[in-house]
Structures are given as structure tokens and as C-alpha cells.
Amino acid sequence: YHVYKTDGEMIDVRSPQDLPEATRIERIEEPYLNAKIICPPEYTGAVMQLAIEHRGITTDMIHLTSKSVEMRFDMPLAELILDFFDQLKSRTKGYASLDYHEDGEQSADLVKVDILIQGEKVDAFSAIVHRDKAYSYGVMMTKKLRELIPRQQFEIPIQAAIGSRIIARENIRAQIG
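I will try to describe carefully the structure that is included in this document. (Residues numbered from 1 in each chain as written. Predicted model: local features only at pLDDT ≥ 70, side-chain atom pairs only at ≥ 80, totals over all residues. Heavy atoms only, no water.)

1. Remarks on the overall build of the chain
Per the secondary structure count, the chain includes three helices and eleven strands. Its helices and strands in sequence order give the chain the pattern β-β-β-α-β-β-α-β-β-β-β-α-β-β, from N to C terminus. The globule rule puts the C-alpha radius of gyration for 177 residues at 16 Å, and the 20 Å found for the chain is more than 25% above it. By principal-axis analysis of the C-alpha atoms, the chain measures approximately 65 × 50 × 20 Å. Counting the 177 residues in the chain, one finds 40% classified as buried. Long-range pairs, those at least 24 residues apart, make up 56% of the contacts in the chain between residues at least 6 apart in sequence. In the structure as shown, the chain presents an accessible area of about 10400 Å², 50% of it carried by carbon and sulfur atoms. Computing the positive centroid from 22 side-chain charges and the negative centroid from 28, the chain places the two 7 Å apart. (Helix = DSSP H or I, 4+ residues; strand = E, 2+ residues; numbered from the N terminus. Rg over C-alpha atoms; globule rule 2.2 N^0.38 Å. Buried < 20%, exposed > 50% of the residue type's maximum accessible area, 1.4 Å probe, protein only. Contact = heavy atoms within 4.5 Å. Areas by Shrake-Rupley, 256 points an atom, 1.4 Å probe, with all protein chains shown as cover. Lys, Arg positive; Asp, Glu negative; His and termini not counted. Charge placed at Lys NZ, Arg CZ, Asp CG, Glu CD.)

Shown next, in the form of C-alpha cells:
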């Protein structure tokens, strides 16, 4: 990510830990790509829905033959990396093919979601996500961690936060006996 700070400096950020605090950020640019998906026409709706869910913008759609459609999208690289390909294969029963290439950077409303266990930040679980997806990421991570962390002699709070604001919370109850 290219982060433009309020003092005019531009820094490259490769992990959430390197992101400056929100008050010092003017804007963030994330890498974008052009994606080309070829699939049978009956999966067009499913592919378009998937692209929309991953902040993709449809740029073109061409009917190549009666049995194949080519769709082009502009989307953030981070959305493709997350789980786009697995979802694409799942929704099209393996019939879709994906090709993409980088297409520069675009400004986006991104935030850092920190995961806190027992009030302490765990950098390994922090992520830079779009503000619209921050809450769902926080809820998903806190629930998953609640399932994975074994019960202890005392209650353990698991929280997701943007800055100092808690957006999601789960508790691991104390072990009885």
C-alpha cells in the first residue's frame, strides 16, 4: 500500500504493523488489477455477484460463443488474494478461468483492524481492510479465535478494534472445576 501522511511523506506499507495511526494518514492507495474471467453463460450472475462482493467493477462483457462469456473487472489485489479464486471455482463448479494483471493503484477507504486478546494487541491477526468490511472481519476473527483458543482458569476477552474503538467482542468463558 502507498500511504500518504498528513506531513506530505509517502511510505510503502507491507504489513498492518507498519501502518501509521489514522490521525496521521491523509490517504491510502491500494494495488488494483484488471481481471478477465471466462465461464459458461449460466454462471454469469454468480460471477458478477462474486465480483461485486469483492469490490470489483464490471468493465466489459463479451459473448465469445454460445457456450462462453468473457467478463472483465477492475478490483483490488487484496480482494483477489483473500478468497476470490476459491469462491469463483465453487460458484461455477470449476468451469471458470481467471486471468489478471496489475493496473496501478487507487485510493480507498482502508482501516487497520487490530485483534486484542486479554487487552493485548496480537499483530499476527491484524489486517488492513476496507472500512465497509471491517466489522465483518472483526466478528469473523473474534468468533474463530473463541473456537480455537482452549478454555482457561479465567475468562478471556477477545476484541476487534479500529484504533481505540472496539467493533467486536467474544469471551472465552472460564473453565469450571
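2. With respect to the layout of surface pockets
By volume, the largest pocket amounts to about 470 Å³. Taken together, 20 residues form the lining of the largest pocket, with Ala78, Glu79, Leu82, Ile128 and Val129 sitting closest to its centre. Top element by residues in the lining of the largest pocket is helix α2 (residues 77-91). It accounts for six residues. Residues belonging to the lining of the largest pocket are distributed by class as follows: twelve nonpolar, three polar and five charged. In this structure, the second largest pocket encloses a volume near 380 Å³. Breaking the lining of the second largest pocket down by element, the ones donating at least two residues are β3 (25-39) and β7 (110-117). Classifying every residue of the lining of the second largest pocket gives nine nonpolar, one polar and eight charged. (1 Å grid on protein atoms, 1.4 Å probe; cavity = no way out; pocket = protein on both sides within 12 Å on 5 of 7 lines; lining within 4 Å. Points joined across faces, edges and corners; volume = space filled by probe spheres on them. Nonpolar A, V, L, I, M, F, W, Y, C, P; charged D, E, K, R; others polar.)

3. Examining the packing of aromatic side chains
By the definition in use, this model includes one aromatic pair. Summarising the aromatic geometry, the rings of tyrosine 43 and tyrosine 95 are spaced 6.3 Å apart at their centres and angled 20° between planes, so their arrangement reads as stacked. Of this pair, tyrosine 43 sits in the loop between β3 and α1 (44-53) while tyrosine 95 sits in the loop between α2 and β6 (97-108), placing them 52 residues apart in sequence. Over the ring of tyrosine 4 we find arginine 27, and its NZ or CZ is 3.9 Å from the ring centre. (Phe/Tyr/Trp six-rings, centres within 6.5 Å; stacked < 30°, edge-to-face > 60°. Lys NZ or Arg CZ within 6 Å of the ring centre and 35° of its normal.)

4. Here we look at the pattern of salt bridges
This structure, assessed with the given rule, holds twelve salt bridges. Across the salt bridge formed by lysine 121 and aspartate 114, the nearest N and O atoms sit 3.5 Å from each other. Given the relative accessible area of 3%, aspartate 114 is considered buried. Put simply, Glu30, Arg55, Glu79 and Lys133 are held in one network by salt bridges that share partners. (Salt bridge = Lys/Arg side-chain N within 4 Å of Asp/Glu carboxyl O.)

None of this, on its own, says anything about what the molecule does.
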